[in-house]
Amino acid sequence: MPSEIVNKYFRTNKLPQIWCPGCGHGIITRAITVAIDKLGLDRDKICIVSGIGCSSRAPGYMDFDTLHTTHGRALAFATGIKMANPELKVIVITGDGDATAIGGNHLIHACRRNIDITTIIYNNNIYGMTGGQYSPTTPKFDKGTTVPYGNVDKAFDIPALAIAAGATYVGRSTAYHTQLLISLIENGIKNEGFSLIEAISVCPTYYGRKNKKGSAVEMLEWQKEHAVNIAAASKMTPESLDGKFLIGEFKNSPEPEYTREYQKIIDRLKKE
Amino acid sequence: MKSKARLMQGNEACVEGAIAAGMRFFAGYPITPSTEIAEFSAEKLPLVGGRFIQMEDEIASMAAIIGASLAGVKSMTATSGPGFSLKQENIGYAALAEVPCVIVDVQRSGPSTGLPTSPAQGDIMQARWGTHGDHPIIALTPSSVRETFDLTIKAFNLSEKYRVPVILLMDEIIGHMRERVELPDISEIEIINRKKPAVSREEYLPYKADDDLIPPMACYGEGYRFHVTGLAHDETGFPTNNPAVADKLYRRIVDKIEFHKDEIVEWEEQNTDDADIIIISVGGVARAADTAMKQLREKGIKVGTYRPITVWPFPDKRLVELADRVKAFVVAEMNLGQMVLEVERIIKDKAKLIKVNKVNGEAIYPEEIMEKIEEVL
Ligand SMILES: Cc1ncc(C[n+]2csc(CCOP(=O)(O)OP(=O)(O)O)c2C)c(N)n1
Ligand code: SF4
Ligand SMILES: [Mg+2]
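Definitions and limits used
- Residues numbered from 1 in each chain as written.
- Chains lettered and ligands numbered in written order.
- Predicted model: local features only at pLDDT ≥ 70, side-chain atom pairs only at ≥ 80, totals over all residues.
- Heavy atoms only, no water.
- Helix = DSSP H or I, 4+ residues; strand = E, 2+ residues; numbered from the N terminus.
- Rg over C-alpha atoms; globule rule 2.2 N^0.38 Å.
- Buried < 20%, exposed > 50% of the residue type's maximum accessible area, 1.4 Å probe, protein only.
- Lys, Arg positive; Asp, Glu negative; His and termini not counted.
- Charge placed at Lys NZ, Arg CZ, Asp CG, Glu CD.
- Near = heavy atom within 4 Å.
- Polar contact = N/O pair within 3.5 Å; in protein donor to acceptor, adjacent residues only side chain to side chain.
- Pairing = 2+ DSSP bridges.
- Axes fitted to C-alpha atoms, helices over the stretch in contact; angles between N-to-C directions.

Draft legend 1. Representation of the overall build of chain A. Counting its regular elements, chain A contains 12 helices and 8 strands. For 272 residues, the compact-globule formula gives about 19 Å, and the C-alpha radius of gyration of chain A, at 18 Å, lands near that figure. Projected onto the principal axes, the alpha-carbon positions of chain A cover approximately 65 × 45 × 35 Å. Looking at chain A as a whole, 57% of its 272 residues qualify as buried. Side-chain charges in chain A split into 31 positive and 27 negative, and the spacing between the mean points of these groups amounts to 3 Å.

As structure tokens, then:
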């Protein structure tokens, strides 16, 4: 299966990718292609858009129509693509910094519009590409090159942010929980509206090293031990959830989609 | 579209021109004095099957029109100074990734928020050099309502032909002026569309230029499965760090405009044959220059006018010829001296150079130009 998916959906002549050994971004990228494969979509009608960062390099390796844009702006470019051709399935790949710092405003407005774009945020809790500066998802007291004495900022809870802003499909998984990740991405793409999947990645090179998290394998182990599926969490005591984080499907409630609603106006005007 | 005379605002003529040129997507964020362009687009686009969106800011608007253009739809955004500043990073993206699009900047007074409802021409240099790095750009400056219609079409045609962002550099005077105009029948309008690849997906190299230095352009959803990036890239469209490849790319995108400059540049001159003095101006100021010329001629002073229609690239060749035979040029502009720098560079010290500048939010009046000319005579 692995090589089959890679041969089918990756630009194999562009491999190996630029990511460090042990980087979680490759696992997430592969999960996206598996989800696309499972859905049996027409690959010529898929457009994958990204911003800037290690994560945003992913589309360059994926054999679809792909667009690598400016830092933070992937969702705004993607919105233009979807408006120009609503037939296209638009997928956005972005990082925690790209999506929630410089691109935070575009993120909440894309959620609010419920435009049919599936966004996968590769959250490694750090700015990987620029060498380990803290991001809006770096946990409090953790370290980065620009928080050498520990971070005093509070971190964003990305799914909570997306739900509050109006996204109609929201989920979270990790690089360790790939089967869940694949199914969330599948359902996200199926949802006709704005879907957001937070994929918790690992950056052993910067976040891991700065915070003494061990090797990539140890970081993935940590994900395995600390993630609790939202379905199971409801049956657990608050004490047993202490120090854990939730994964799973957080919201799935379809609402009218933006370009469809706009099309209704065009159709109505045609009749008048 | 019916060719019937009617009273129209410059900003409305811009939208009429854009739709005639084939614009089917507009993304914008309201800002005086450009807002009517967004409003008219919102009203008119769905009537022709097009789409309008009000984005969360100007950065997003610029990004959205690039995305839409890559998906094959002619796209435009409109703004004024503060928003024009915000668009700059993505204008550079369009220049490097060679994505056709039109950006309207209806100039208003001052840096920062300045005088929001007052005219100015302070963005002439920003239109040329606003985004970082060496890059190609075309900027057009209409000076009447009808010309706004024509130049908006030209802006789309040039952007499609050369795969370059084109700036329609208006000013508040032209944007808000109302004139009676008769628009041409749609059948009389020349429309240029981007060149499409003639090869299969396997053979398609998205950034391999033809002899004219312009690569054919596929669009998303057509099955070419190509990659576009703002990183330096080779002919395949994928990033490269190779200095020779990067050098070739940067030079080609600038050269593609430089090599076609004679086809691109446009200007208008009046009474230059016997002129001793030529007034150079663009946009709203050109109307005052016209009046000043006529009144001075009545007094027997031989004045002509020279009006760049493409302010970038600047129509320099003709100016060099004129510099050999006139005594002085008067450069009148609603800024503290931007276009004059270009004129100075072109005419060297062949003729005297007189500046008329105004930045208080008021238009330049014909009398102010006349006074300056009479003063130096
Ligand atoms: C306008 C702008 N500001 C800053 C940068 C520098 N920059 C590049 S990537 C990046 C952070 C990326 O972090 P993230 O989105 O979390 O992606 P990661 O590399 O961690 O996958 C920054 C700050 C840039 N390219 N553009
Ligand atoms: S720096 Fe971190 S995020 Fe970037 S490739 Fe290396 S491990 Fe991955
Ligand atoms: Mg990151």
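Draft legend 2. Layout of the site of ligand 1. Surrounding ligand 1, one finds 18 residues, the nearest of these being Cys54, Ser55, Asp96, Asp98 and Gly128 of chain A. More than a single chain frames ligand 1: its nearby residues are located in chains A and B. Contact distances for ligand 1 include 2.7 Å between an oxygen atom and a side-chain N or O atom of aspartate 96 of chain A. Asparagine 124 of chain A is positioned such that a nitrogen or oxygen atom in its side chain is 2.9 Å from an oxygen atom of ligand 1.

Draft legend 3. Highlighting the sheet that holds strand E8 (residues 245-252) of chain A. Within the open sheet, the 9 strands sit side by side as E7(A)-E8(A)-E5(A)-E6(A)-E4(A)-E3(A)-E1(A)-E2(A)-E10(B). Their pairing is mixed. Looking along the sheet, the strands with just one partner apiece sit at the ends: strand E7 (227-229) of chain A together with strand E10 (227-229) of chain B. Neighbour-to-neighbour, the strand axes of the sheet open up by a mean angle of 20°, direction not taken into account. The pairing of strand E1 (residues 46-50) of chain A with strand E3 (residues 89-95) of chain A spans 5 bridges and is parallel.

These results come straight from atomic positions and should not be treated as a statement about function.
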